Amino acid sequence: MATEFHNLQELRHNASLVTKVFIQRDYSEGTVCRFQAKFPSELDNRIERTLLGETVRTLNSYYAEAEKIGGQSYLEGCLACATAYIIFLCMETRYEKVLRKISGYIQEQNEKIYAPRGLLITDPIERGMRVLEISVFEDRGSGGSSPSSTMSSGSSAR
Amino acid sequence: MHLGVSESMRECEYSQISTRSSTPMETPYKKKTSKKRKWEIFPGRNKFYCGGRIMMAKQTGVFYLTLVLILVTCGLFFTFDCPFLALQLTPVIPVIGGVLFLFVLGTLLRTSFSDPGVLPRATPDEAADLERQIDVANGSTGYRPPPRTKEVVINGQTVKLKYCFTCKIFRPPRASHCSLCDNCVDRFDHHCPWVGNCVGKRNYRFFYMFILSLSFLTIFIFAFVITHIILRSHRNGFLNALKDSPASVLEVVVCFFSVWSIVGLSGFHTYLISSNQTTNEDIKGSWSSKRGKDNYNPYSHGNIFTNCCAALCGPLPPSLIDRRGFVQSDTPQLAPPTNGITMYGATQSQQSHMFSMESKPIVSDTETERLPPHPSSSSRAASQ
C-alpha cells in the first residue's frame, strides 16, 4: 500500500519514482481538448476511480470552456482583428486565463488528493496537451535513515 | 500526544524562499548556472530571434523578397502618386492606403513570426509508454512493424491517426508533419515560403487576413495608379505622363502580376474557411465526395457563417512549445516531473517563478512554499 505523504514537499524529497501513467487524448469529439475517461489499470490500488474520474471530467470541462466558440470569443476575435492583433501584446486571451485556472486546479488536486496517495499529476500544457501524465511514487526511505535525518533529530523537541 | 501533533505540524512548515527578483524574467538560477532557454535546444529546423520571441522557418529568403516588394511598391505609391491624388481628388486616398499598408504589414509579421501550432515532441517516458502499447497490440515479433495507425471515429466519420516517427507521437487529427521545418504542426495548412513559416492552427487567421488585405491593397494601388496616369494624360498626354511619373509604371507592373495570384489565393482560402478544410486536406481530397458517398467533413460546423467565425474569431490557443521557458537540469528518465506554470511566468509578474528539479514550485500568489527543516518522515517517526 502507498505510504501516507503529508504534502508535495515530502513526496519530492522522500519518494522515488516508480512509473508514469499516461492518459491519452480522446478525439471522438473532434480536435477539442479532451482526455479519455478510461481508468488506467496501473492505478487500481492507488486511487479511487471516482476521484480520478472527477478530476479528468473537471479538466475536460475547463478545456471545453477555453475552446468554446461563442459570444465572448467572437468579441475578442473581432476586437483583435480591428486592432491588427496588437491587442494580444497587452491583453491576456480567454484561453490563457482558463489555462491558469487549470494550473491552479491541478496544484490544488495534487495537494489535497494525489500527493497523499503518492501520485502527482503533471499539467497537460507541459506535455504539449498530448497526455495527462500521472507519476506514481513509492516511499524511498521507509526502512533506513536518510542523510537529512541526522540534523533533524538533534533539533526536534521532546 | 499533543507535542507530537505540534511537532508534525511544525515539520510541515517551511522556511520561506525568496523567489521574487527585481526583473520578472531573470531569476537567481539563471545567473548561477547560466541555464539555457528551451528555444536554444529546440529539435526542429526553425530559426529563433529576439531571445525566442520570434520563430521562423529555416529558409527565409523569399520572405525578405515579399517584404521588399510590399515596402518598395507602397513606398513608391506614397511618394509619387499620393501627392498628386491627394491634391486632385481627395486626401482620403493616402489615408486609406496607409491604413491598408499598416494592416498588411502587421498581419504579415504576425504570420511569419508566430508559432504556427507546433506540437512538442514526446518525452522519452511517453515514447516508451507508446512503444510498449504498440508492441502489446502487435505482439512483438522482432521485426519492425508496419506504419502505425490508430483509428478514431469523429462525428461519425472514421479518421486514421498516423504515428510520427520523428516526433514519436500519434498525430492529432488534422495535424501533419512539415518536412521543411521538421515539426508536427496542429491543423497544418501548408508551408508558405512567402511568409517564411508554416501556416497552422495558431497563425491561419493572420495568414488569411494578410492575403485578404494584400488583395485589397494591390487592387487599391493598381486602381489609383491607373487613375493617376489617366489624370496626368488628360493634361500632358500619355507619354509625358509616363515620363513624369516613372515609378507608376513599376507599380502597375508589380500589381498586375501580383493581383492574379493573391486574389486567387484569397478566394481559395475563403472557400477553405467556409468549408472548414485545410489546404492539406483539400489537396489530398480527404473529405471529397469522390472518395465515397458517405464521405463528409466531420469538422465542419454545418453552415458557412459558423465555419468562418470559428476560423477567424475563435479562441487563439497558446503556444505549446514554451520557447522562453528554461530547460530543466538533466534528469534521468522517470525522474519526478515538474508541476508548474513556467509559461505563464513570462506574462504574469506575480507568477514569475522559474524552477528546476531541485527547487520548489510556487503554489499560488498568497502561499509561499518553505523548505522543511525535517524532511524525512522516518526521522519524525523516530523522534516520536
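Residues numbered from 1 in each chain as written. Chains lettered and ligands numbered in written order. Predicted model: local features only at pLDDT ≥ 70, side-chain atom pairs only at ≥ 80, totals over all residues. Heavy atoms only, no water.

*Asks:* Hey, could you go over a nonpolar patch on the surface for me, with residue numbers and the actual values?
*Replies:* Taken together, the side chains of Val 249, Val 253, Phe 256, Phe 257 and Trp 260 of chain B define a hydrophobic patch exposed on the protein surface, amounting to about 530 Å² of accessible area. As for its placement among the helices and strands, Phe 257 of chain B is situated in helix H8 (residues 246-274). (Patch = residues over 30% accessible without salt bridge, like charges linked within 9 Å, V, L, I, M, F, W, Y side chains within 5 Å. Areas by Shrake-Rupley, 256 points an atom, 1.4 Å probe, with all protein chains shown as cover. Salt bridge = Lys/Arg side-chain N within 4 Å of Asp/Glu carboxyl O. Helix = DSSP H or I, 4+ residues; strand = E, 2+ residues; numbered from the N terminus.)

*Asks:* Quick rundown of the sheet that holds strand S5 (residues 149-154) of chain B? Include the residues and the values.
*Replies:* Residues and elements named next belong to chain B. Reading across from one edge, S5-S6-S7 is the order of the three strands in this open sheet, with antiparallel pairing throughout. If you trace the sheet from one side to the other, it starts and ends with S5 and strand S7 (169-170), each paired once. Across two bridges, the pairing between strand S6 (residues 157-164) and S7 is antiparallel. Bridge pairing in S7 places Cys 164 opposite Ile 169. (Pairing = 2+ DSSP bridges.)

*Asks:* An account of the UniProt feature "domain: Palmitoyltransferase DHHC" (unreviewed entry) in chain B is requested, with residue identities and associated values reported.
*Replies:* The positions UniProt marks with the feature "domain: Palmitoyltransferase DHHC" (unreviewed entry) are residues 160-284 of chain B. Span residues 160-284 of chain B is 60% helix and 15% strand, its end C-alpha atoms 14 Å apart. (UniProt positions renumbered as here; feature names shortened; annotations may be inferred.)

*Asks:* How would you summarise the packing of aromatic side chains if you had to cite specific residues and measurements?
*Replies:* All names here are of chain B. One pass over the structure, following the stated rule, counts 16 aromatic pairs over all chains. When the ring of Phe 63 is compared with that of Phe 113, the centres are 6.2 Å apart and the planes differ by 65°; the resulting orientation is edge-to-face. Linking Phe 63 in helix H3 (residues 61-88) with Phe 113 in helix H4 (residues 92-113), this pair joins segments that are 50 residues apart in sequence. Judged by its relative accessible area of 2%, Phe 63 falls in the buried class. With relative accessibility at 25%, the residue Phe 113 sits in the partly exposed group. Ring geometry for Phe 256 and Trp 260: centres 5.9 Å apart, planes at 90°, overall edge-to-face. Taken as a pair, Phe 256 and Trp 260 lie in helix H8 at a separation of four residues, close to a single helical turn. (Phe/Tyr/Trp six-rings, centres within 6.5 Å; stacked < 30°, edge-to-face > 60°. Buried < 20%, exposed > 50% of the residue type's maximum accessible area, 1.4 Å probe, protein only.)

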